Amino acid sequence: MGRLVSTEGLTEDQQEILKLVRQFVEKEIIPVATELEHKDEYPTDIVEGLKELGIFGLMIPEEFGGLGESLLTYALVVEEIARGWMSVSGVINTHFIVAYLLMQHGTDEQKAKYLPKMATGEVRGAFSMSEPSLGSDVSAISTKATKTDDGGYEITGQKMWLTNGGSSTLVAVLVKTDEGQDSVYKNMTTFLIEKEAGFGETAQGITIPGKIDKMGYKGIDTTEMILEKHKTTADQILGGVPGKGFYQMMDGVEVGRVNVGARAVGIANRAFELGVAYAQQRETFGKPIAQHQAILFRIAEMATKVETAHAMVVKAARLKDAGKRNDVEAGMAKMIASEYCNEVVQDSFRIHGGYGYSKEYEIERLYREAAFMLIGEGTSDIQKMIIGRALLKEYKL
């Protein structure tokens with residue numbers, strides 16, 4: 001079968017990495033993904049295989065034991081993994097965001113302490129901004145770190161929607177610190193919080209309740225995190241300086257949006273493959289349904305949407321790799337990839353007809369997973385706000 005997304009213009013190392021990941025996906029992920037997803041079972045063996053491939057250290061510099069690859073390489077790897085099972089790409093997403101935050105904003109001591117173990121997957125990262133009472137309004141965060149007499153901090157609050165909440169051992173958490181700044185955005189700080197993997201009380205003052213039951217995006221552990229007078233030190237502030245948390249997290253979110261865009265491309269690519277294969281196997285009125293014009297046009301539109309979304313993700317990743325601001329391009333990539341993903345999956349679902357509604361067919365799982373792409377790392381409406389405001393500044397009269 002041909003491939004929509006090509007490897008043209010990539011280095012030999014990048015092509016070799018993608019080849020290995022693609023082989024892993026075909027052999028270790030696709031055959032078991034639907035069964036594990038229906039059971040909501042954590043993909044332990046798959047995660048161990050990703051560790052052996054070095055995927056947890058893909059973007060971490062070689063000096064810390066990683067592969068030192070680019071965001072573009074990471075995005076292309078995510079496309080491949082999400083093509084197999086989107087939940088698996090979620091396992092590495094927040095891990096990468098935390099590693100990226102450390103690489104960009106961490107102190108030398110923090111980098112030396114965490115990055116080598118993150119590269120091997122021994123330390124697993126999670127990323128936390130959201131809370132039960134807020135959505136996209138980050139300024140409404142209420143979890144608070146209060147300074148103590150010994151120069152440390154005590155954190156109390158409730159965080160929500162932690163991907164890898166149970167399996168992680170290092171969580172980058174955005175909280176309010178009220179250090180006397182004149183802006184709410186300058187009164188936020190990112191703390192690096194250590195805990196044990198698992199559920200229940202995982203550290204003093206930290207409780208991880210059980211997994212949140214979701215429509216899709218199953219297998220992976222999405223949780224809450226309750227902090228009750230959790231004590232930490234100033235050394236655990238990302239970068240060592242309070243008040244910079246919001247801007248650090250927004251930097252990480254740009255990486256996250258490229259990731260979600262890439263995930264959406266992976267899902268859409270798989271949906272296209274399933275749809276075009278089924279259309280050539282299923283016959284009506286004496287010929288394969290692929291030969292009916294309505295289906296043929298649908299296939300053409302699906303492929304075009306996958307290619308377009310992929311190109312946008314690649315552009316956003318290349319800008320970030322070049323050290324340039326990519327908030328607009330990352331927002332565009334995330335928006336178009338998530339919207340097109342849903343359209344392509346729905347078209348493939350329609351091609352499958354009644355069989356697409358059966359849990360025996362893979363498209364049923366993709367149909368539920370695609371919905372998450374619309375809200376992960378900000379809805380399309382949020383992306384439009386970001387894009388629109390930036391464009392008004394650029395084209396100001």
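Residues numbered from 1 in each chain as written. Predicted model: local features only at pLDDT ≥ 70, side-chain atom pairs only at ≥ 80, totals over all residues. Heavy atoms only, no water.

(A) Just the layout of surface pockets, in detail. In this model, the largest pocket occupies a volume close to 1,600 Å³. Looking at the largest pocket, it is lined by 47 residues, and the ones nearest its centre are Met129, Ser136, Arg257, Glu377 and Gly378. Contributions of two or more residues to the lining of the largest pocket are made by helix 4 (86-105), strand 1 (125-128), strand 3 (153-163), helix 6 (245-281), helix 8 (327-352), helix 9 (362-373) and helix 10 (380-394). At eight residues, the largest contribution of residues to the lining of the largest pocket is made by helix 6. Tallied by class, the residues present in the lining of the largest pocket amount to 23 nonpolar, 13 polar and eleven charged. Within this model, the second largest pocket holds a volume of roughly 170 Å³. Taken together, Met59, Leu71, Tyr100, Met103, Gln104, Lys320, Asp321, Gly323 and Lys324 form the lining of the second largest pocket. Secondary-structure elements contributing two or more residues to the lining of the second largest pocket are helix 4 and helix 7 (293-321). Looking at the lining of the second largest pocket element by element, the count peaks at three residues for helix 4. Of the residues assigned to the lining of the second largest pocket, the class counts are four nonpolar, two polar and three charged. (1 Å grid on protein atoms, 1.4 Å probe; cavity = no way out; pocket = protein on both sides within 12 Å on 5 of 7 lines; lining within 4 Å. Points joined across faces, edges and corners; volume = space filled by probe spheres on them. Helix = DSSP H or I, 4+ residues; strand = E, 2+ residues; numbered from the N terminus. Nonpolar A, V, L, I, M, F, W, Y, C, P; charged D, E, K, R; others polar.)

(B) Expanded view of the side chain of serine 168. One can find serine 168 in the loop between strand 3 and strand 4 (170-176). With a relative accessible area of 0%, serine 168 lands in the buried category. Polar contacts involving the side chain of serine 168 include one to the main-chain carbonyl oxygen of asparagine 164, which spans 2.8 Å. If sequence neighbours within four positions are ignored, serine 168 has contacts with Arg124, Gly125, Ala126, Lys195, Glu196 and Ala197. (Buried < 20%, exposed > 50% of the residue type's maximum accessible area, 1.4 Å probe, protein only. Polar contact = N/O pair within 3.5 Å; in protein donor to acceptor, adjacent residues only side chain to side chain. Contact = heavy atoms within 4.5 Å.)

(C) Representation of the pattern of salt bridges in the model. Taken as a whole and judged by the stated rule, the model has 22 salt bridges. With a closest N to O distance of 3.1 Å, glutamate 35 and lysine 39 form a salt bridge. Residue glutamate 35 and its partner lysine 39 are located together in helix 1 (residues 12-39), separated by four residues, close to a single helical turn. Two residues, arginine 83 and glutamate 273, come together in a salt bridge whose shortest N-O distance is 3.0 Å. Here arginine 83, found in helix 3 (residues 71-84), pairs with glutamate 273, found in helix 6; they are 190 residues apart in sequence, far enough to count as distant. This pair shows no difference in class: arginine 83 is buried, exactly as glutamate 273 is. Here the salt bridges do not stand alone but share partners, grouping Glu26, Arg83, Arg270, Glu273, Glu362, Arg365 and Glu369 into one network. (Salt bridge = Lys/Arg side-chain N within 4 Å of Asp/Glu carboxyl O.)

(D) Geometry of the pairing of strand 6 (residues 200-203). Note: strand 6 against strand 7 (residues 206-208), three bridges, orientation antiparallel. Looking at strand 7, one finds that alanine 203 is bridged to isoleucine 206. Hairpin connection from strand 6 to strand 7: two residues lie between these consecutive antiparallel strands, with glycine 205 at a positive phi of about 80°. (Pairing = 2+ DSSP bridges.)

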